[in-house]
Amino acid sequence: MSEPVDLIIHSAGQLCVVPPHDGGPQRGATLGDLGLIADGAAAIQDGRVLAVGPSSEIRARYRTNTILHAGGRCVLPGFVDPHTHLPWIGDRAAEFEQRLAGATYMEIMNAGGGIMSTVRHTRRASVDELVAGNLPRLARMLRHGTTSAEAKTGYGLDTAAELKQLDAIAALAAAQPVELAATFLPAHAVPVEYRDDTEGYVQRVIGEMLPAGARWMSERGVRLFCDVFCEEGAFDLDQTRRILEAAAALGYRLKVHADEFVGLGGTKLAVELGATSADHLVMTPDADIAALGRGNTVAVGLPGTPFGLAHRDFTPAGAILAAGGALALATDLNPGTTWCESMQMVIALACRYMGLTQAQAIVAATLNAAFAVGRGHEVGSLAPGYQADLLVLDVDDYRQLGYRYGTNLVRTVVKRGQIV
Ligand code: NIG
Ligand code: FE
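Bear in mind the structure is a predicted one, so any value in this text is a computation, not a measurement.

A closer look at the pattern of salt bridges
Okay, so step 1: Scanning all chains against the criterion turns up 21 salt bridges.
Okay, so step 2: For D394, the salt bridge identified is with R411, shortest N-O distance 3.2 Å. A residue pair is termed long-range when its members are at least 10 positions apart, and D394 in the loop between strand 16 (390-393) and strand 17 (410-415) and R411 in strand 17 qualify at 17 residues.
Okay, so step 3: Beyond isolated ion pairs, a larger network of salt bridges with shared partners links R48, E179, R375, E378, D389, K415 and R416.

Looking at the site of ligand 1
Okay, so step 1: Near ligand 1, the surroundings consist of 15 residues, among which R92, Y105, Y155, H188 and E260 are the closest.
Okay, so step 2: In the environment of ligand 1, an oxygen atom lies 3.2 Å from a nitrogen or oxygen atom belonging to the side chain of H257.
Okay, so step 3: Within the side chain of T337, an N or O atom sits 3.1 Å from an oxygen atom of ligand 1.
Okay, so step 4: The fraction of the free accessible surface of ligand 1 (330 Å²) that becomes covered by protein chains is 100%.
Okay, so step 5: Looking at the shell around ligand 1 residue by residue, the classes come out as four nonpolar, eight polar and three charged.

Let's talk about the coordination of the iron ion (ligand 2)
Okay, so step 1: Coordination of the iron ion (ligand 2) by the protein is provided by H83 (NE2), H85 (NE2), H257 (NE2) and D332 (OD), with metal-donor distances spanning 2.1 to 2.2 Å.
Okay, so step 2: Here the donor residues for the iron ion (ligand 2) map to a single chain with the spacing H-x1-H-x171-H-x74-D.
Okay, so step 3: With a relative accessible area of 0%, H83 lands in the buried category.

Digging into unusual backbone geometry
Okay, so step 1: Note the cis peptide between L86 and P87, where omega equals -5°.
Okay, so step 2: In this structure, P87 sits in the loop between strand 8 (79-81) and helix 2 (93-100).
Okay, so step 3: Backbone geometry at D39 places phi at a positive 45°, although glycine is not the residue there.
Okay, so step 4: One non-glycine residue with positive phi stands out, namely L157, at about 60°.
Okay, so step 5: With respect to the helices and strands, L157 occurs in the loop between strand 9 (146-152) and helix 6 (159-175).
Okay, so step 6: Owing to a relative accessible area of 1%, L157 belongs among the buried residues under this scheme.

The rules behind each value
Residues numbered from 1 in each chain as written. Chains lettered and ligands numbered in written order. Predicted model: local features only at pLDDT ≥ 70, side-chain atom pairs only at ≥ 80, totals over all residues. Heavy atoms only, no water. Salt bridge = Lys/Arg side-chain N within 4 Å of Asp/Glu carboxyl O. Helix = DSSP H or I, 4+ residues; strand = E, 2+ residues; numbered from the N terminus. Near = heavy atom within 4 Å. Polar contact = N/O pair within 3.5 Å; in protein donor to acceptor, adjacent residues only side chain to side chain. Areas by Shrake-Rupley, 256 points an atom, 1.4 Å probe, with all protein chains shown as cover. Nonpolar A, V, L, I, M, F, W, Y, C, P; charged D, E, K, R; others polar. Donors = N, O, S within 2.8 Å, 3.2 Å for Na, K, Ca; no water. Buried < 20%, exposed > 50% of the residue type's maximum accessible area, 1.4 Å probe, protein only.

Have a look at this one:
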């Protein structure tokens, strides 16, 4: 007798399971294990993967009223985007024009534009306006295969506006299918009110903003990440350490924007503090890369950012993998450097500029990306027990991902066992 289930997906030319390794991310040289099943199928019950295997086996063991015939196409876990700057209001197309004329990102920021320009727009917006302005972005991300994402504050830079962004993230999470992990980033930039007084702002972050975010956490019963932009012109290594140590003491999990333009030691600090991820890692010193191999901090490469800035240096994936590090990919979706909503585009860039194979980039954008937001035991894989978040591509070979770019190769998105 076959067992009834909610949904069966069968006849996938390739079913990519993307198995965890030793219950964790795929580290170092082992990155790229797709766990391919030819003519594969998955049985789904209560929003979770119950079993995967060859179509003939799954169809003999399970029955259902809801069948998704994959028609020989490729099926894989939904993408996880572990670094975005959603939600924001406004755009910076005029700054892009200035950059095309030769101005640098940091020059624009130091002249009061850049992050501060988005802060001015976002401070004026209500929670409802933030939700309305950002729902279409999440809808486009979902259509391009992103089924879970991270979202950060950092465009408020005062207590009320940072909490308003947290409220907007919670409202966005409730209003649409893409699951959101929230990050508190009051240390994204030094606001104009504190120009020439970075230390004063750091004390405000530690003394007032982090405790306010911690109260928000306990009222809502969710655990936030705390992130810091560790960079010349933003927060130095000592300030980053003090903010992150204070955050850890208040119960936040940690992330760091490290080595985007200058290697200040943020990656090594992230490993030392047991941060969940260290992100950007373009100018990372060798000693910091070695540290990634010893800790559990996931290195998140954001190739859309140097691409968006027309820079030539990208995250040194080969060195990170040689050191035994766990590497993930994300968009960095933001209005300043990287308005990119598609993990497919990120995979295409990672294959070309970070030297990853398609299989490595796919694992980095699914399982390892889930570990970069502390959800690697729930999403990012189609191993039994994982949440049934999956994609049916329009193509029959996973190697078309990364190879083709600029068109959406996702045909069907399934979130928690529901076709969305
Ligand atoms: O990750 N570098 C800091 N933050 C973003 C850019 C944010 C912005 O320019 O609005 C980044 O690239
Ligand atoms: Fe970022």
